[in-house]
Amino acid sequence: MPTLHLRLTPNTNNGITKCFLSNPLKAQKFKLHSIVVNKQSNGYNQGHIYLRIPFASASQVHTSDKKGYLLVPTAKSTSGMETHNFSDGLPIEASNIPQTFECQLLQADMSAFTSNTNLLSVDLYYGYESHSLF
């Protein structure tokens, strides 16, 4: 089973990270296996972050807070890495994934993460059925 790794980083572009794949991926079932939140030494002082992943957010991810965003809990004011594992994988039926797309990182108050916030990156690890286009 191939793996898709996405690294989302804070920036000055409204929290949007442009992702580049070696080739587009066809619509298929994905499983989100883990999320790694990497915080700076002074930590992040809110209880969660929001992620917008275009191939999954539109109709596959809903929270009681915000439709279309994946909510990731995080410990307040701690530094280092936090890992969230989903043993069997969180199933997501993804639409076609283009070679280039944009994801967004938002703070608990829905403001964008910027390069001067206390978050270094969020890494997502997906498993999927086939890297073939057909």
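Structural notes, computed from the coordinates. Quick caveat, the model's predicted, so the values are computed rather than measured. Position numbers for residues start from 1 in each chain and track the written sequence from start to end. The predicted nature of this model means local features are confined to residues of pLDDT at least 70 and side-chain atom pairs, given and counted, to a pLDDT of 80 or more, with totals for whole chains, interfaces and linings taken over all residues. Working from all heavy atoms in the structure, the side-chain values ignore hydrogens and water.

## Focus on the sheet that holds strand 3 (residues 28-39)
Here is step 1: For two strands to be treated as a pair, DSSP must find no fewer than two bridges joining them. Secondary structure elements are defined from DSSP: runs of H or I of at least 4 residues count as helices, runs of E of at least 2 residues count as strands, and each element is numbered from the N terminus. Overall, antiparallel pairing links the four strands, which are arranged 1-8-3-6 in an open sheet. Of all strands in the sheet, those with a lone pairing partner are strand 1 (3-8) and strand 6 (80-94), marking the two edges. Neighbour-to-neighbour, the strand axes of this sheet turn through a mean angle of 15 degrees, independent of strand direction. Helix axes use the C-alpha atoms of the stretch in contact, all axes being lines fitted to C-alpha atoms, and the angles between their N-to-C directions lie in the range 0 to 180 degrees.

## Regarding the sheet that holds strand 4 (residues 48-52)
In a beta sheet, neighbouring strands pair by backbone hydrogen bonds and run either parallel or antiparallel.
Here is step 1: An order of 2-7-4-5 is seen for the four strands of this open sheet, with the pairing classed as antiparallel. Sheet topology places strand 2 (16-20) and strand 5 (70-73) at the edges, where each strand pairs with a single neighbour. If you compare each strand with its neighbour and ignore which way they point, the axes differ by 25 degrees on average.
Here is step 2: The pairing of strand 2 with strand 7 (residues 100-106) spans five bridges and is classified as antiparallel. Along strand 7, the bridge assignment pairs K18 with E102.

## As for the packing of aromatic side chains
Here is step 1: Any pair of Phe, Tyr and Trp rings, taking the six-membered ring for Trp, is counted once the centres come within 6.5 Å. Such a pair is stacked with planes under 30 degrees apart, edge-to-face with planes over 60 apart, and tilted for the rest. The tally for this structure, following the rule as stated, stands at six aromatic pairs.
Here is step 2: Note on F30 and F55: the rings are 5.7 Å apart at their centroids and 40 degrees apart in plane angle, and the pair reads as tilted. Taken together, the residues F30 in strand 3 and F55 in helix 1 (residues 54-57) connect sequence positions 25 residues apart.
Here is step 3: Measuring from centroid to centroid gives 5.7 Å for F55 and Y126, while their planes differ by 65 degrees, and the two rings are edge-to-face. Placement of F55 in helix 1 and of Y126 in strand 8 (residues 119-128) is noted, with a sequence separation of 71 residues between them. Y126 carries the same exposure label as F55, and that label is buried.
Here is step 4: Linked through ring pairs, F30, F55, F101, Y126 and Y128 together constitute an aromatic cluster. Using a 1.4 Å probe on the protein chains alone, a residue whose accessible area is under 20% of its type maximum counts as buried, one over 50% counts as exposed, and one in between counts as partly exposed.

## Focus: the environment of Q46
Here is step 1: Looking at the element boundaries, Q46 is found in the loop between strand 3 and strand 4.
Here is step 2: Note on Q46: relative accessible area 18%, which makes it buried.
Here is step 3: With 61 residues separating them along the chain, Q46 and Q107 place their C-alpha atoms 7.7 Å apart.
Here is step 4: By definition in these notes, contact holds between two residues if any of their heavy atoms fall within 4.5 Å. Excluding anything up to four places from it in sequence, Q46 contacts T74, A75, K76, Q107, A108 and D109.
Here is step 5: Polar contacts involving the side chain of Q46 include one to the main-chain amide nitrogen of D109, which spans 3.4 Å. Residues adjacent in sequence count toward polar contacts only when both atoms are side-chain atoms; beyond that, a polar contact is any pair of N or O atoms within 3.5 Å, and within protein one must be able to donate a hydrogen and the other to accept it.

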